[in-house]
Structure formats: C-alpha cells, structure tokens
Amino acid sequence: MKSMKRTMVGISTALVLTTALAACGGNSNSNSNSNASGGNASQAPAANASEAPAKGSGEKVTINLWSFTDEIPNMTKKYLETHPDANVEFKTTVIATTDGAYQPALDQALAAGGKDAPDVYAAEAAFVLKYTQGDASSYAANYADLGLDDQLVKDAGIAQYSVDIGSSTDGQLKGLGYQATGGAFIYRRSIAKEVFGTDDPAAIKAEVGPGWDKFFSAAEKLKAKGYGIVSGDGDIWHAIENSSDTGWIVDGKLHIDPKREEFLDLSKKLKDNGYHNDTTDWTEAWYADMSGTGAQPIFGFFGPAWLINYTMNGQVKDTNGDWAVTEPTTGFFWGGTWLLANKDVTKDDAKKQAVADFVKWVTLDTSETGLQYYWANGTMKEGEQGTKDSVASATVMAKSNGEVPLLGGQNMFDVFVPANANASGKNLTQYDETINKLWRDQVREYTAGNKDRDNAIKTFKQQVKDQLGIDSE
C-alpha cells in the first residue's frame, strides 16, 4: 500500500460496490497513510463481491480479501479481466485504519477462522511486522507453501528490504508488496541551477550526500541564496528512522539507536539555522512549500515515488515540471503495503491454487499482463494513462517507462531502482507507529525550547513504558 491518505468506508453489503475512497489519482493506483488525517471510518466493513465467469467444472472458489483501502480490491477487477478462465470470486472487506479500526477487526476475523476468515489480507508498513514476525504472524502462510519460491522472488528482482519485512524471524517469506517505497531526494531544478550551477541528478546527489555533513553543507549554500533545504524536520525523519542500524526494541527493551538519537541534534540544527520552514508534514504549510508559496522557497523533500505521484502531484501547482529526483543522503524506505495469505488456505487444494495465482499476479508476475507492469506504466485502465509508480519488481521497472511530467520528463525508475536496493528492512518493530509519534513529539518539544535534551529523552522513555509497558535499556 502506499502509505498516504485515510479512506472513508461506508457500510454496505455483499454484491454492492464498496465506496471506500482511496486517495490517489490516475489509474486505480491508490494510497493510504498512517500519518495523514482523513474522514471518519465506520467500524463495520464495506463488503463487495467480484466474480469471474464460471468456466469448466468444479465449484467456484471464493477468496475473502481484507484491506484498509479499495486499492487491492480494485486490482481484483483487472485480475478477473486478464484471467477469464479463473473459476473464482472475491468477497471484499474494506475497513479504514482511521481510529485504529482495521487491525482489531482483522485480528478477530483471523482468530475466529472458518469460511468467513480472511484468505488474503493486506498490512501496511506501520504495522506489517505484527503479521509477518510478531503477535499475529502465526496466521500467515509461507509463500513457499503456496508454491511461490525464492527463485520467483529473485527473478522478479524484489528489493531486499521488502523481502526482509515480509519474512518471519526464521526467514520464511510470508508477505510481499506490489510497489516499492525506497526513498529519493526530490528537488527543485530551478533552485539547483541557481545555487549549484546544475540540475543534473548525478551532481545534486553529490551535493546532498552521502551523509548528513554533506547535506548540511548544501543547506548552508542554499541559505546564502535565500532558500531552505527542506520544509520541516519530518522531511529528514523517515530517512533517519529507516537507515538506523537497529529498531526501537532490542531484547525486549526500548533502545534508541544512535542515528535516531541524532535526530534531536539534526532537527535542532535545521531550526536554529533557519534551514527549513519548521513545518509539520501533512499540514497546509507543508503543502505550500511544494508549490513554492511558503515562508521561504524550499529546495526539496525526501520520499518515495508515491510522495511524487499522490501528494506533490496535487500540490505543486506552478512548480510542476520544475522537479527532479536523485539518490538520497542515506538509503531508506517509507511506507508500503504487503499482501499475506491465511495459512488455512493450504488445507484446500482449489483455494490454495486460487489464492497462490492471485498473490503471484499481484506481487511476482513480471509479464506485461501482471499487476506490476500495469502499475509501473499507469495502464490499469485500458485506453487511459494513469499514474505511474515504483513497483516491487526491478525486472519490471527495467522494461517500463517511468517518465513523469512533474519531474520534467525524467525517468524516475533510473533513481528508484537503486534507491529501493539501498533501503533496509531490518530496523522495524511492530510498535513503530506508536513509538515514532512519541519520539517525534518530544523532538519538537526540544527544538522549540520547551525541554532540554535529557528531559525530552526521559519523557519519551516514560511514555513508551506507560503506553506499551516496555522498559528502557
């Protein structure tokens, strides 16, 4: 999933098209985000059934599909269109992540089991480890038990970070995504030319990295010309968070990786030197900096392809076409959705095959009739140019056209393929959504001068203990 906007989900019954609203444009590519605010979500699921023509003998297989946006449910329509002989129907349940509604409902349905249990279900980056490595991982089938082996993963060129996140602690692959969310540095061409004398991605890559010393050297050059390097400290947080050597929990205790602790200092450096506009991501001020209408013109943002396609694309306005991407200061990823199958589907040969075929088509099929190719090229709807996106398969991106107008026609895949390869998936925990918010709040308390450094850390540790029952090292 693309970790972008929430969706509003109304109550409907089977055989009625769900009205869950995904927040993307273009083709049926859509997006949801655990950081963004959205509409109210009903606690009851929206249900929908998509049916393939019944061909051949045998009873039609029903696949119960659970998701938190209509993104994957919409994929079933393309699947049925491209697999007319599939003797399968999809019964879809969509529950938004708003107010934390999705996970409890999914957990209850998985635990209850039976014919109404989810056969295929989605989990986003904010909580996917719970389902691949954590408390709910025992419900997920191994991809190998579905006949989806390591060779398919290798042939598709799936980024290692995505495999690591989708694998259990004993190395069994349980989930994969259909998009890749490795991050790049997205910058204004006109500002690059004025300050650095070129907008060439290779040259700008060397200006902003590798490493934060290079980044802040660039920030000083930009400041001298009246520009901020990023909009707010959130723009560097995801790069720091997901490039750290360890996650928040080590041996059952709260652990603050030195790179994450350094965020306190880097954030304060940004603020004290006026290198940013001190915005908070997902606010109007942040969006204004994408269009060049903020307090001072901003050079760039750190983010994956979905940030370009589904956030900036609607906000850049007069700066459209004045952007480019280059490899970031440090490798990282941000967001994503993983697709898992219930281990109980392996008990029935027909259902096992049906589920395996669908999961493979979404995550590992590198042909021009696989979901990955349609998604990368924005061709989900025949005869309509939709949104192009960075996909899980480097093999697919190598044969796809990633040129987009917002980037002045640059082929973004030239940057996102190595960006995906440079991301790490070994520093996540199932508690990240909660702990990240607590940490970022305390960092802002520190940079605002409301607390000193030690008290900000002390408060953070106490909040983690109070809310999650996790002691510090």
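The residue numbering used here restarts from 1 in each chain and proceeds along that chain's sequence as written. A pLDDT threshold of at least 70 governs which residues receive local features in this predicted model, and a stricter bar of 80 or more applies before side-chain atom pairs are shown or counted, although totals over entire chains, interfaces and linings include all residues. Only hydrogens and water are set aside; all other atoms, that is, all heavy atoms of the structure, feed into the side-chain values.

J.: What is the right way to read the overall build of the chain from this model?
T.: The helix and strand tally for the chain stands at 18 helices and 13 strands. Using a 1.4 Å probe on the protein chains alone, a residue whose accessible area is under 20% of its type maximum counts as buried, one over 50% counts as exposed, and one in between counts as partly exposed. Taken across its 473 residues, the chain has 59% of its residues classed as buried. Long-range pairs, those at least 24 residues apart, make up 77% of the contacts in the chain between residues at least 6 apart in sequence. For the chain, the computed accessible surface area is about 17900 Å², with 46% contributed by carbon and sulfur atoms. The secondary structure listing takes helices from DSSP runs of H or I that are at least 4 residues long and strands from runs of E that are at least 2 residues long, numbered from the N terminus. Contact definition: two residues touch when any of their heavy atoms are within 4.5 Å. To be clear on the numbers: accessible area is Shrake-Rupley with a 1.4 Å probe, and residue cover counts the displayed protein chains and nothing else.

J.: Sorry, what's going on with unusual backbone geometry here?
T.: In terms of backbone geometry, most residues other than glycine have negative phi values and most peptide bonds are trans. Of note, the amide linkage connecting G209 to P210 takes the cis form, showing an omega dihedral of 0°. Considering the arrangement of structural elements, one finds P210 in the loop between α7 (201–208) and α8 (212–224). Phi at D99 is positive, roughly 60°, even though this residue is not glycine. The exposure class of D99 is exposed, given its relative accessible area of 66%. Residue W282 is not a glycine yet carries a positive backbone phi of 70°. Looking at the secondary structure, you find W282 in the loop between α10 (258–272) and α11 (284–291). On the accessibility criterion, W282 (12% relative accessible area) is buried.

J.: Explanation requested: the packing of aromatic side chains in the structure shown.
T.: Note on aromatic pairs: the rings of Phe, Tyr and Trp (six-membered ring only in Trp) are paired at centre separations within 6.5 Å, and the planes decide the class, stacked below 30 degrees, edge-to-face beyond 60, tilted for the rest. If you walk through the whole model with that rule in mind, you get 34 aromatic pairs. Ring centres of Y121 and Y131 lie 6.3 Å apart, and the angle between their planes is 70°; on these two criteria the pair is classed as edge-to-face. Pair noted here: Y121 is in strand β6 (residues 120–124) and Y131 is in helix α3 (residues 128–132), with a separation of 10 residues, a long-range link. Overall, the relative accessible area of 0% leaves Y121 in the buried class. One aromatic cluster is present, formed by F185, Y187, F196, W212, F215, F216, Y275, F299, F302 and F332 through successive ring pairs.

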